[in-house]
Amino acid sequence: MSRDDGQQSERRALRLPGSVAEILASPEGPQVGAFFDLDGTLVAGFTGVIMTRDRLRSRQMSVGEFIGIVQAGLNHQLGRSEFEDLIGKGARMLRGSSLSDVDELAERLFLQHVRDRIYPEMRDLVRAHMARGHTVVLSSSALTVQVEPVAQYLGVRNVLSNKFVTDENGCITGEVVRPILWGPGKARAVQVFAASNGVDLSKSYFYADGDEDVALMYLVGNPRPTNPAGKLAAVAAKRGWPVLRFTSRSGSNPVSQLRTVAAIGSVVPVAASAIGVGLLSRNRRTGVNFFTSTWGRMLLTTAGINLNVLGRENLTAQRPAVFLFNHRNQADPLIAGRLVERDFTTVAKKELENDPLIGTIGKVMDAAFIDRDDRKAAVEGLRKVEELARKGISILIAPEGTRLDTTEVGEFKKGPFRIAMSAGIPIVPIVIRNAEVVAARDSSTFNPGTVDIAVYPPIPTDDWTVEDLPHRIAEVRQIYLDSLKAWPHRTLPVPALYKRSPGETVEPRKVAENSADNPAKKADKKAPAKNAAVKGRQ
């Protein structure tokens, strides 16, 4: 690990107020509460605006109603009307709807618009509190339709929010249950909850951004104003409360957009230079290497993305290799490419082949564009990659095959492992922890930030067989699960598979005899194990 990497790791390990390290060093137990506001705190922006826009677009509300809600929102911001007026208008939008209809609406809006607005930094704090056994509560003045999907997604069981009044048929009347949770009312609800659940507020935490939450900040021992403005920011400065500010979900920020355009645009001069290098050296691969190493570095620098790498020496310990990275967004393939730098190609989905940027770069790198719906064509594409691997070219690939939630690790496909077995090259796990800090799942805009990466030593595949392949894959996947659960800050832990003696066999996981996941059914049982491994991937 370089000196800069070590310094960054040390900084991350500091137990600063508002950091994950502070929470992980705090007292354990349910008597410590962690109360989180929703809008502007856990989620960038306001979820009520999302719901209002959806109703307008689907023509389920008139322009007059829309203007009325916007006016109520402005009045609330300016202090000219009570919050009850604003939330009442929101409830009346759904008058006559059944609770099941509202649940479907909430889930759809969450998946389409809200999920990617959740601050990854706040999500880490929620999970840190959970790891300490704290009583985590989502306490918001928003309606259940806005709050509950976020709580379910984060695994928060305790919710304090405003609820709809329903009639005898379970339909929403357009009214809200009294008293309204806002300002002093919300503070009282938190006090009642704490008394009923044995929570000591003097030891508890409260994360919020609104002026109306100042009273509740005074009640807890660890106030944490989050993205505050106005009165809350002024009180925090006067009282010396630690302030948390996050910009990782400001994808619409013009500065971030301009930096992204400049970063992507740097491909043109770098590509032109790479062509010149290739022509002068009369070696195509030299030109490709110049491009991949130079553009990767320039792209991340221009976008303001820093890498905190643990185990960097493992990137060059053994080449060629199959480098595996967990896939979260459009930034992490670029990050992984920056790490591997040279003498590599990749595998991508067929749809990207016609992309003017990715498709062109992929073709220059001899990438395989795989049609996952055409197994025969996919096998042919992987054969091309295997041949390159035998010639000394490393393979960079996401074994999950698609982008997933940041803390989840999907099932690994067999393709990357079969390539390694067939070519007789090792596997190098690259675990990316927080790429979502610099880009949301489907965002094409990159935000400045630091991404944590752990690169584990090469894993030999010489003695792997088709029969024990499922177990081997599970062992490699476990490295990702363990790393993301307890992130290493100074030294890499030694996973179980590295502790096994050379040549020691493992008990393969049992696979149903007729299962499609059973590669042994497709292998030639008369062939030696090594040949079976080669045939198995075909």
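What counts and how
Residue numbering note: each chain is counted from 1, following its sequence as written. Reporting of local features is limited, given that this is a predicted model, to residues whose pLDDT is at least 70; pairs of side-chain atoms are given and counted only at 80 or more, and all residues count toward the totals for whole chains, interfaces and linings. The basis for the side-chain values is all heavy atoms of the structure; hydrogens and waters are excluded. UniProt positions are given in the numbering used here, feature names are shortened, and annotations may be inferred rather than shown by experiment. The secondary structure listing takes helices from DSSP runs of H or I that are at least 4 residues long and strands from runs of E that are at least 2 residues long, numbered from the N terminus. Per-residue accessibility, obtained with a 1.4 Å probe over protein chains only, is compared with the maximum for each type, and a residue is labelled buried under 20%, exposed over 50%, and partly exposed between these values. Whether two residues are in contact is decided by their heavy atoms: any pair within 4.5 Å suffices. Under the convention used here, a 1.4 Å probe and the Shrake-Rupley method define accessible areas, while residue burial counts only the protein chains that appear. Here, any two strands with at least 2 DSSP bridges between them count as paired. For helices, the fitted axis covers only the stretch in contact; all axes are lines through C-alpha atoms, and the angles between them, taken along N-to-C directions, range from 0 to 180 degrees. In this description, a nonpolar core means a group of buried Ala, Val, Leu, Ile, Met, Phe, Trp, Tyr and Cys residues linked to one another through side-chain atoms lying within 4.5 Å. Between Lys or Arg on one side and Asp or Glu on the other, a salt bridge is scored when a side-chain nitrogen of the former is within 4 Å of a carboxyl oxygen of the latter. Expected span of a helix: the number of residues minus one, times 1.5 Å. An angle below 35 degrees is read as roughly parallel, one above 145 as roughly antiparallel, one from 65 to 115 as roughly perpendicular, and any other as oblique. Side-chain classes are defined by residue name, with Ala, Val, Leu, Ile, Met, Phe, Trp, Tyr, Cys and Pro counting as nonpolar, Asp, Glu, Lys and Arg as charged, and the others, Gly among them, as polar.

An unreviewed UniProt entry lists the protein chain under the name 1-acyl-sn-glycerol-3-phosphate acyltransferase, with Mycolicibacterium doricum as the source organism. Taken from UniProt, the Catalytic activity (unreviewed entry) comment for the protein chain reads in full: "a 1-acyl-sn-glycero-3-phosphate + an acyl-CoA = a 1,2-diacyl-sn-glycero-3-phosphate + CoA". The UniProt entry for the protein chain carries the following text under Sequence similarities (unreviewed entry): "Belongs to the 1-acyl-sn-glycerol-3-phosphate acyltransferase family."

**Q** Describe in detail the overall build of the protein chain, supporting the description with residues and values.
**A** The number of helices and strands found in the protein chain is 21 helices and 14 strands. Counting every position in the protein chain, which comprises 538 residues, the buried fraction comes to 52%. The contacts in the protein chain between residues at least 6 apart in sequence include a share of 69% that link residues at least 24 apart. Accessible surface, the protein chain: about 25,400 Å² in total, of which carbon and sulfur atoms supply 52%.

**Q** Please provide a residue-by-residue account of the sheet that holds strand S8 (residues 305-310), values included.
**A** The strand order across the open sheet built from seven strands is S8-S14-S13-S9-S12-S10-S11, with neighbouring strands paired in mixed fashion. The sheet is open, and its two edges are formed by S8 and strand S11 (368-370), each paired on a single side. Sheet twist, expressed as the mean angle between neighbouring strand axes with direction ignored, is 25°. Here strand S13 (residues 427-432) pairs with strand S14 (residues 449-455) via three bridges, running antiparallel. Its bridge partner lying in S14, Ile432 is registered against Ile453. Running over the sheet, helix H18 (residues 415-423) touches strand S9 (322-325), strand S12 (394-397) and S13 and is turned about 165° from S9.

**Q** Outline the nonpolar core, listing residues and values.
**A** Val145 and Val150 are the most contacted members of the largest nonpolar core, which has 46 residues in total. Sorting elements by how many residues they give to this core places helix H6 (residues 99-114) first, with six residues. If near-sequence neighbours (up to four positions away) are discounted, Val145 is found in contact with Met51, Leu94, Val102, Leu105, Ala106 and Phe164. In this structure, Leu300, Val309, Ala336 and Phe344 belong to the second largest nonpolar core, which totals 37 residues.

**Q** Please set out the pattern of salt bridges residue by residue, giving values where relevant.
**A** Under the counting rule described, the total for this entry stands at 15 salt bridges. For Arg328, the salt bridge identified is with Glu400, shortest N-O distance 3.5 Å. With Arg328 in the loop between S9 and helix H15 (332-340) and Glu400 in the loop between S12 and H18, this residue pair connects regions lying 72 residues apart in the sequence. Overlapping salt bridges bring together Asp37, Lys186 and Asp213 as one network.

**Q** An account of the pairing of S12 is requested, with residue identities and associated values reported.
**A** What you see with S12 is no split at all: Ser394 and Leu396 on one side and Ile395 and Ile397 on the other are buried throughout. Relative to S12, strand S10 (residues 344-349) runs parallel, the two being bridged by three bridges. Residue pairing in the sheet places Thr345 in a bridge with Ile395 of S12.

**Q** Report on helix H7 (residues 120-131), specifying residues and quantitative values.
**A** Under the 1.5 Å per step criterion, the end-to-end length of H7 is 16 Å for twelve residues, consistent within 8% with the ideal 16 Å. Among all positions in H7, only Pro120, Met122, Arg123, Leu125, Val126, Ala128 and His129 are buried. Buried-residue contacts for H7 involve helix H2 (20-24), strand S1 (33-36), strand S2 (135-143), helix H8 (144-154) and strand S6 (205-208). In the stretch just after H7, Gly133 is the one whose phi turns positive, near 75°.

**Q** If you had to explain the sheet that holds strand S7 (residues 222-225) to someone new, which residues and values would you point to?
**A** Spatially, the five strands line up as an open sheet ordered S3-S2-S1-S6-S7, and their pairing is parallel. Here the strands that pair on one side only, and so sit at the sheet edges, are strand S3 (158-162) and S7. Across the sheet, the axes of successive neighbouring strands diverge by a mean angle of 15°, strand direction being ignored. Along the sheet face, helix H5 (residues 83-93) touches S2 and S3 and points at about 85° away from the line of S2. In the packing of H8 onto the sheet, the strands contacted are S2 and S3, and the crossing angle to S2 comes to about 155°.

**Q** I'd like a description of the packing of helix H3 (residues 47-57) against H6, backed by residues and values.
**A** Packed helix pairs are characterised by how far apart their axes lie and by the angle those axes make with each other. Orientation of H3 relative to H6, taken along the N-to-C sense of each, is 110°, at an axis distance of 11 Å. Considering the angle they form, H3 stands roughly perpendicular to H6. On H6, the residues touching Thr47, Ile50, Met51, Asp54 and Arg55 of H3 are Leu105, Arg108, Leu109, His113 and Val114. Of the residues that constitute the contact of H3 with H6, the class distribution is five nonpolar, two polar and three charged.

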